[in-house]
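Per-entry structural report
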Amino acid sequence: MVTGGGSGIGKAVAARLRKDGYQVAVFDIAPSGGELEYKVDVTDRAQVDADWGRIVNISSSSTHSGQPFMSSYVAAKSGVNGLTKSLALEYGPQGITVNAVPPGFVNTPMLRRAEGKGLLGGSIEEHIERTPVRRAGRPEDIAAACSFLIREEAGYITGQILGVNGGRNT
Ligand SMILES: NC(=O)c1ccc[n+]([C@@H]2O[C@H](COP(=O)([O-])OP(=O)(O)OC[C@H]3O[C@@H](n4cnc5c(N)ncnc54)[C@H](O)[C@@H]3O)[C@@H](O)[C@H]2O)c1
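Small disclaimer: the values here were computed from a predicted structure and weren't measured.

**Some details on the sheet that holds strand S1 (residues 2-3)**
- Spatially, three strands are ordered S1-S2-S3 in an open sheet, and the strand pairing comes out parallel. Lying at the two open borders of the sheet, with one neighbouring strand each, are S1 and strand S3 (37-39).
- When strand S2 (residues 26-28) meets S3, the two strands line up parallel, connected through three bridges. Bridging across to S3, Phe27 finds its partner in Tyr38.

**So, the pairing of strand S4 (residues 54-58)**
- Only one face of S4 is buried: it carries Ile55 and Asn57, and the other face, with Arg54, Val56 and Ile58, is open.
- Bridging between S4 and strand S5 (residues 97-101) involves five bridges; their strand directions are parallel. For Ile55, the partnering residue across the bridge sits in S5 and is Val98.

**Concerning helix H1 (residues 8-19)**
- Its twelve residues place the ends of H1 17 Å apart at the C-alpha level, agreeing with the 16 Å of an ideal helix rising 1.5 Å per residue.
- Among all positions in H1, only Gly8, Ile9, Gly10, Ala12, Val13, Ala14 and Leu17 are buried.
- Elements in contact with the buried residues of H1: S1, S2, helix H4 (109-116) and helix H6 (139-149).
- Once H1 ends, the next one or two residues include Gly21, with phi positive near 100°.

**Description of the site of the ligand**
- Inspection of the region around the ligand gives 25 residues, with Ile9, Asp28, Tyr73, Val106 and Thr108 positioned closest.
- Thr108 has a polar side-chain atom sitting 2.5 Å from an oxygen atom of the ligand.
- Arg113 is positioned such that a nitrogen or oxygen atom in its side chain is 2.9 Å from an oxygen atom of the ligand.
- Protein coverage of the free-state accessible area of the ligand, which is 840 Å², stands at 79%.
- Sorting the residues of the shell around the ligand by element identifies H1, helix H3 (71-91) and H4 as the ones contributing at least two each.
- Per element, the largest residue contribution to the shell around the ligand is four residues, and it comes from H4.
- Across the shell around the ligand, the residue classes tally to 13 nonpolar, eight polar and four charged.
- Looking at the shell around the ligand, you find at least three residues from each of domain 1 (1-51) and domain 2 (52-170).

**Digging into the packing of aromatic side chains**
- Per the counting criterion, the structure on display carries one aromatic pair.
- With a centroid separation of 6.2 Å and an interplanar angle of 85°, the aromatic rings of Phe27 and Tyr38 are classed as edge-to-face. Here Phe27 is found in strand S2, whereas its partner Tyr38 is found in strand S3, with eleven residues between them in sequence.
- Relative accessible area serves as the criterion here: at 40%, Tyr38 is assigned to the partly exposed category.

**A look at the environment of Arg135**
- Locating Arg135 in the fold gives a position in the loop between helix H5 (124-129) and H6.
- Classification of Arg135 as partly exposed rests on a relative accessible area of 29%.
- Spatially, the C-alpha atom of Arg135 lies 9.3 Å from that of Phe105, the residues being 30 residues apart in sequence.
- A distance of 2.9 Å separates a polar atom in the side chain of Arg135 from a polar atom in the side chain of Asp141.

Parameters at a glance
Residues numbered from 1 in each chain as written. Predicted model: local features only at pLDDT ≥ 70, side-chain atom pairs only at ≥ 80, totals over all residues. Heavy atoms only, no water. Pairing = 2+ DSSP bridges. Helix = DSSP H or I, 4+ residues; strand = E, 2+ residues; numbered from the N terminus. Buried < 20%, exposed > 50% of the residue type's maximum accessible area, 1.4 Å probe, protein only. Expected span 1.5 Å × (residues − 1). Contact = heavy atoms within 4.5 Å. Near = heavy atom within 4 Å. Polar contact = N/O pair within 3.5 Å; in protein donor to acceptor, adjacent residues only side chain to side chain. Areas by Shrake-Rupley, 256 points an atom, 1.4 Å probe, with all protein chains shown as cover. Nonpolar A, V, L, I, M, F, W, Y, C, P; charged D, E, K, R; others polar. Domains from an automatic or database assignment. Phe/Tyr/Trp six-rings, centres within 6.5 Å; stacked < 30°, edge-to-face > 60°.

Written as structure tokens, this is what we have:
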């Protein structure tokens with residue numbers, strides 16, 4: 001089940017997992033109309049069913065670097081990393097792994113909105129020049145990390161924060 005799978009990174013994660021052969025449901029407040037997409041607000045507990053097996057939380061590379069004028073966002077995303085580590089300890093004995101992927105600079109509607117509001121401290125092109133791999137991230141980059149972490153063979157990897165950021169944060 002992919003939350004926020006109607007756009008950007010979540011949409012690419014859902015597409016990749018379908019390609020990998022999984023049956024994928026999407027929960028989004030604005031679903032894009034695909035099969036097994038449900039209109040669900042994940043902040044409303046009653047609308048959310050229980051998770052199982054493999055959990056991958058999406059946090060943010062801003063938890064490594066900080067981000068000016070986004071302190072509440074960075075604090076909340078840092079909480080996601082902490083939640084990941086604690087839940088990994090709680091659920092490990094049941095065979096449930098919990099990991100986090102903090103994306104960095106992935107070209108999605110969210111990043112373009114942030115650029116429009118002047119929150120990036122420069123244009124996307126300027127950031128690309130400062131990125132070691134010299135490109136912006138693609139939603140598919142995050143999807144590939146998720147695809148790996150939910151495999152059965154990844155069962156010994158839990159409580160980890162796997163940065164996918166083109167080398168911007170090490
Ligand atoms: N794009 C980046 O560079 C970047 C960097 C760091 C972290 N992230 C994180 O990656 C995740 C995805 O970001 P994105 O760039 O794909 O954004 P996006 O805006 O393209 O997509 C977000 C999706 O989440 C859905 N959504 C929002 N609130 C919801 C709710 N309460 N219930 C259900 N669905 C809801 C939206 O309708 C949308 O489809 C976010 O957690 C974001 O903080 C992104």
